Structure formats: structure tokens, C-alpha cells
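# Overview (structure and organization)
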Amino acid sequence: MQGMELAVLDWIQAHLRCGFLDAVLPVISRTADHGELWIILALVLLLIRNQRKYGAAVACGLVLDLVSCNLLLKPLVGRLRPFAVNTAVELLVKAPLDASFPSGHTAASFAAVFALKAAGSPLWKPALAVAVVIAFSRLYLYVHWPSDVLAGALLGAAVGWAGAKLAEKMLTKRKAGR
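To keep things clear, this report deals only with the structure shown in the data block. (Residues numbered from 1 in each chain as written. Predicted model: local features only at pLDDT ≥ 70, side-chain atom pairs only at ≥ 80, totals over all residues. Heavy atoms only, no water.)

## Some points on helix α3 (residues 36-47)
- The end-to-end C-alpha distance of α3, which contains twelve residues, comes to 16 Å, matching closely the 16 Å that a straight helix rising 1.5 Å per residue would cover.
- Among the residues of α3, those classed as buried are Trp-38, Ala-42 and Leu-45. All buried residues of α3 lie within an arc of 70° about the axis, which places them on one face of the element. For α3, the exposed residues lying more than 90 degrees away from the buried face are Ile-40 and Leu-47.
- Of the surrounding secondary structure, the elements contacted by the buried residues of α3 are α4 (52-77), α6 (104-119) and α7 (124-140). (Helix = DSSP H or I, 4+ residues; strand = E, 2+ residues; numbered from the N terminus. Expected span 1.5 Å × (residues − 1). Buried < 20%, exposed > 50% of the residue type's maximum accessible area, 1.4 Å probe, protein only. Arc of directions from axis to C-beta. Contact = heavy atoms within 4.5 Å.)

Structure, rendered in C-alpha cells:
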């Protein structure tokens, strides 16, 4: 399996690597280093009265993602990153120090997308486009295995959906308590 995944990453390096993507993808990836892009989105939505339910959904999805991905799965699995296996690759970003599985950038991105979708926001479509580029950037930058990115997308989808449902219950309870 690892050989197949290395082949995918090496194919990306051999066939897609170019000056434009070398300049753009590290910047795009950096926007999600700690979920910043999605946290800002949640905060902005929370500040807009008729968008608060969407902001709450994204915020809840991100909290569930943080716990499940960064606090549970990464330390539990402890997978080496691909650049630690193939040391010949020149990284375009500072080498991440945490474990590889699952991709936190991808999980947070897809958590936001699926929280928006489950909450009924039309913003899920542009968010999906951004999430896909962020996920691809993790492969291009050689910091995640393809299975890390796939697992991150699946985990993000699950916690994003759950976050939207949790936010909906919390908001319904809050309205009932008034």
C-alpha cells in the first residue's frame, strides 16, 4: 500500500510540479495550518444575524474535528509523513512535526464544507472548491499520504455533519428556553 501511495505522490512531483503551483499551493495550504480560514468563516457567520446557524454549525464541526483528528487519531496512529520515508523530496514548506494520519488540513476543511451543507447554507459549494484545493495541496507538498487525505475528507464529512446537527439542537434548545 505504501508503495502505491508513494507512486501517486511521486507522479504528482514528476508531472504536476511547476513554478506557479510551487508559489500558490504553500500559501493556500498555510490558510488552514490551524484551521484559520474556517475559524474566520465561522466567526464572520456568527456575527451576521441571519447566518448565525451556519456559523454555529461550522464552529461545532471544527471543535469535533479538533478532538477527533488532532487529539485522538493523530497521536493514536502516529503515522510517519511521506517526506520522512522519501527523504530525496525537497519540501516547499516547513516540515510538520505531528503525525500524518489523518490530514488535519483536509479534515478541518471538509468539516466546514459538510457543516455548511448539512445546515443548508449555499456557501458549501465555494467552500468545497477551496477544501479540494487544500486537500490536493497536502499531496503536492508531499506532507501527506493519499490515504491521509482521503481519511481526512471522510472524517471531516462525518464531524461536519455531526457539528451541524449539534448546533441545530443547541439553537433549538436555546430558542425554547426563551
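There is more to say, and it comes next.
## Section: the packing of aromatic side chains
- Here the structure, examined in full by the defined rule, presents one aromatic pair.
- Measuring from ring centre to ring centre gives 6.0 Å for Phe-136 and Tyr-140, while their planes differ by 50°; the resulting arrangement is tilted. Of this pair, Phe-136 and Tyr-140 both sit in helix α7, four residues apart, which is roughly one turn of that helix.
- The class for Phe-136 is partly exposed, based on a relative accessible area of 26%.
- The exposure class of Tyr-140 is buried, given its relative accessible area of 1%. (Phe/Tyr/Trp six-rings, centres within 6.5 Å; stacked < 30°, edge-to-face > 60°.)

## Quick word on the packing of α4 against α6
- Where α4 contacts α6, the axes come no closer than 8 Å and their chain directions differ by 150°. Relative to α6, the element α4 is oriented roughly antiparallel. Crossing angle aside, the handedness with which α4 passes α6 is right-handed. Packed against α4, whose contacting residues are Lys-53, Tyr-54, Ala-57, Val-58, Gly-61, Leu-62, Asp-65, Cys-69 and Lys-74, the element α6 presents Gly-104, Ala-107, Ala-108, Ala-111, Ala-112, Ala-115, Leu-116 and Ala-119 at the interface.
- Its residues assigned to classes, the contact of α4 with α6 comprises twelve nonpolar, two polar and three charged. (Axes fitted to C-alpha atoms, helices over the stretch in contact; angles between N-to-C directions. Parallel < 35°, antiparallel > 145°, perpendicular 65-115°, else oblique. Left-handed = near helix turned anticlockwise from the far one by under 90°. Nonpolar A, V, L, I, M, F, W, Y, C, P; charged D, E, K, R; others polar.)

## Let's talk about unusual backbone geometry
- In this structure, the amide linkage connecting Phe-101 to the following residue, Pro-102, adopts the cis form with an omega of -10°.
- By the element assignment, Pro-102 lies in the loop between α5 (82-85) and α6.
- Look at Tyr-142: it is not a glycine, yet its phi comes out positive at around 65°.
- Note that Tyr-142 resides in the loop between α7 and α8 (146-176).

## Focus on the pattern of salt bridges
- If you walk through the whole model with that rule in mind, you get six salt bridges.
- Taking the shortest distance from any N to any O, the salt bridge between Arg-79 and Asp-148 comes out at 2.7 Å. Highlighted residues: Arg-79 in the loop between α4 and α5 and Asp-148 in helix α8, separated in sequence by 69 residues.
- The salt bridge involving Lys-165 is made with Glu-168; its shortest N-O contact spans 4.0 Å. Within this pair, Lys-165 and its partner Glu-168 are both found in helix α8, separated by three residues, close to a single helical turn. (Salt bridge = Lys/Arg side-chain N within 4 Å of Asp/Glu carboxyl O.)

## Regarding the packing of α3 against α6
- Two elements in contact, α3 and α6, have axes whose closest approach is 10 Å; the angle formed by their N-to-C orientations is 30°. For the element pair α3 / α6, the angle class is roughly parallel. Mapping the contact onto sequence places Trp-38, Leu-41 and Leu-45 in α3 and Ala-108, Ser-109, Ala-112 and Leu-116 in α6.
- The class makeup of the residues in the contact of α3 with α6 is six nonpolar, one polar and no charged.

## Examining a nonpolar patch on the surface
- A contiguous nonpolar patch, built from Val-63, Leu-66, Val-67, Leu-71 and Leu-72 and spanning about 460 Å² of accessible area, is present on the exposed surface.
- Its location among the elements puts Leu-66 in helix α4. (Patch = residues over 30% accessible without salt bridge, like charges linked within 9 Å, V, L, I, M, F, W, Y side chains within 5 Å. Areas by Shrake-Rupley, 256 points an atom, 1.4 Å probe, with all protein chains shown as cover.)

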